[in-house]
Amino acid sequence: MIHTESLTRHFRVGQVQVEAVRGIDLDVGAGELVAFLGPNGAGKSTTLRMLTSLLPPTSGRAEVAGVDVAAHPAEVRRRIGYIGQKDGAGHNYRVHDELLMQGRFYGMSRAESTASAERLMHTLDLRPLAMRKVGSLSGGQKRRLDIALGLIHAPRLLFLDEPSTGMDPQNRANLWEHIMRIRADHGTTIVLTTHYLDEADAMAERVVIIDHGRVIADDTAERLKSEQAGDRLTVTVAAGDVPAARAVLADAIVPALTGAPGPPGPVAEVEERSVPDGHALTVGVAAAARELPAVLGRLRDAGIDVRAAESRRPTLDDVFLRLTGRSLRDGEA
Ligand SMILES: Nc1ncnc2c1ncn2[C@@H]1O[C@H](COP(=O)(O)OP(=O)(O)OP(=O)(O)O)[C@@H](O)[C@H]1O
């Protein structure tokens, strides 16, 4: 559905050249749900704008829905849906009319446009709002209308630039429910950008991490977390039990990851720190929640009194930290 080769975009700002996107190679198959994740200024929106033909690449190429974006931008736009960061709907129109006009804009007949608007208003819970003026909708309702506008011509590929930014958690959950329903009903391929780590983690099947205009990781959230960051298991024991506990824990360690730069990777040896209860020993393991009972059993068999124990799953932020040495929460790229 999407194929890019060394896709690059530079901007000239006065004397300075900004290398917003520096050679992105990407393949997205039909039906995939892919999230672009990265800090502010990483190049996510610029990539999306090139893929949607809104911005010509400086170099490299992109084929989207079977069409070369630089050669046939208008054809790309006919085949895709794009919902940008800022809404495009006119505030004085009614929801229903806005949808019809959008359909006509894409060259659909009045009947086709009406039928598609009806279907989408049903799927996106917009029917009760059909006669309301766009300017009177809440943020969440407005975002649902934006999505309906992007889908009116039934594209097989939908691009969403930060669909849920600024929404409260309930509206975000609601929006995702709608996006998932559209996907289930129409098999739409979806590419979106997000700042929300938990959202990318929970919703996208595939997470493409972008930093400084490059793809630095591309996999399922699960695999990224287990391969790049790994689970942590921590037990707290008395000072006198530390050597024996270390020996038990050393057996549980997963082999150190190689090749990935930057701290902190899976804990390749037993880490020790003093805590009020005694000494906390931490190791990187393959599946902490599953291994914790067995490790506790072995510690008990060795006569060790465990005072506290916890397992921790890594987050996508741990993955980003591991790959770049920075936290995604630190802000700018
Ligand atoms: N029209 C432009 N002119 C000059 N520089 C630009 C332009 N558009 C983007 N940039 C720069 O390109 C870089 C990438 O911006 P982009 O908007 O793609 O990042 P992003 O990852 O989408 O960030 P955010 O999460 O904040 O939306 C930034 O340094 C930005 O300032």
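If you're wondering where the values come from, they're calculated on a predicted model, not measured in any experiment. (Residues numbered from 1 in each chain as written. Predicted model: local features only at pLDDT ≥ 70, side-chain atom pairs only at ≥ 80, totals over all residues.)

Enquirer: What am I meant to see in the sheet that holds strand β6 (residues 80-83) here?
Expert: Overall, mixed pairing links the six strands, which are arranged β6-β7-β8-β3-β9-β10 in an open sheet. The open sheet has two edge strands with one neighbour each: β6 and β10 (214-219). Across the sheet, the mean angle from the axis of one strand to that of its neighbour is 15°, orientation sign disregarded. With five bridges connecting them, strand β7 (residues 157-161) and strand β8 (residues 189-194) associate as parallel partners. In the strand pairing of β8, Leu-157 is matched with Thr-189. Along the sheet, helix α8 (residues 221-229) makes contact with β9 (206-211) and β10, crossing β10 at roughly 105°. Against the sheet, helix α11 (residues 316-324) touches β3 (33-37), β9 and β10, its axis set at about 135° to β10. (Pairing = 2+ DSSP bridges. Helix = DSSP H or I, 4+ residues; strand = E, 2+ residues; numbered from the N terminus. Axes fitted to C-alpha atoms, helices over the stretch in contact; angles between N-to-C directions. Contact = placed C-beta atoms within 7 Å.)

Enquirer: Help me understand the confidence of the model for the protein chain in this model?
Expert: As a general rule, the predicted coordinates of low-pLDDT regions are not to be interpreted in detail. Counting all residues, the mean pLDDT for the protein chain is 87, and 93% of those residues have values of 70 or more. Across the protein chain, the secondary-structure element scoring lowest on mean pLDDT is helix α6 (residues 169-186), at 83, and the one scoring highest is strand β4 (residues 59-64), at 97. Confidence over residues 256-265 falls short of pLDDT 50; this stretch has 18 contacts with residues more than four positions distant or in other chains. In the predicted complex, the global pTM is 0.80; the interface-specific ipTM is 0.97. (pLDDT = per-residue confidence, 0-100.)

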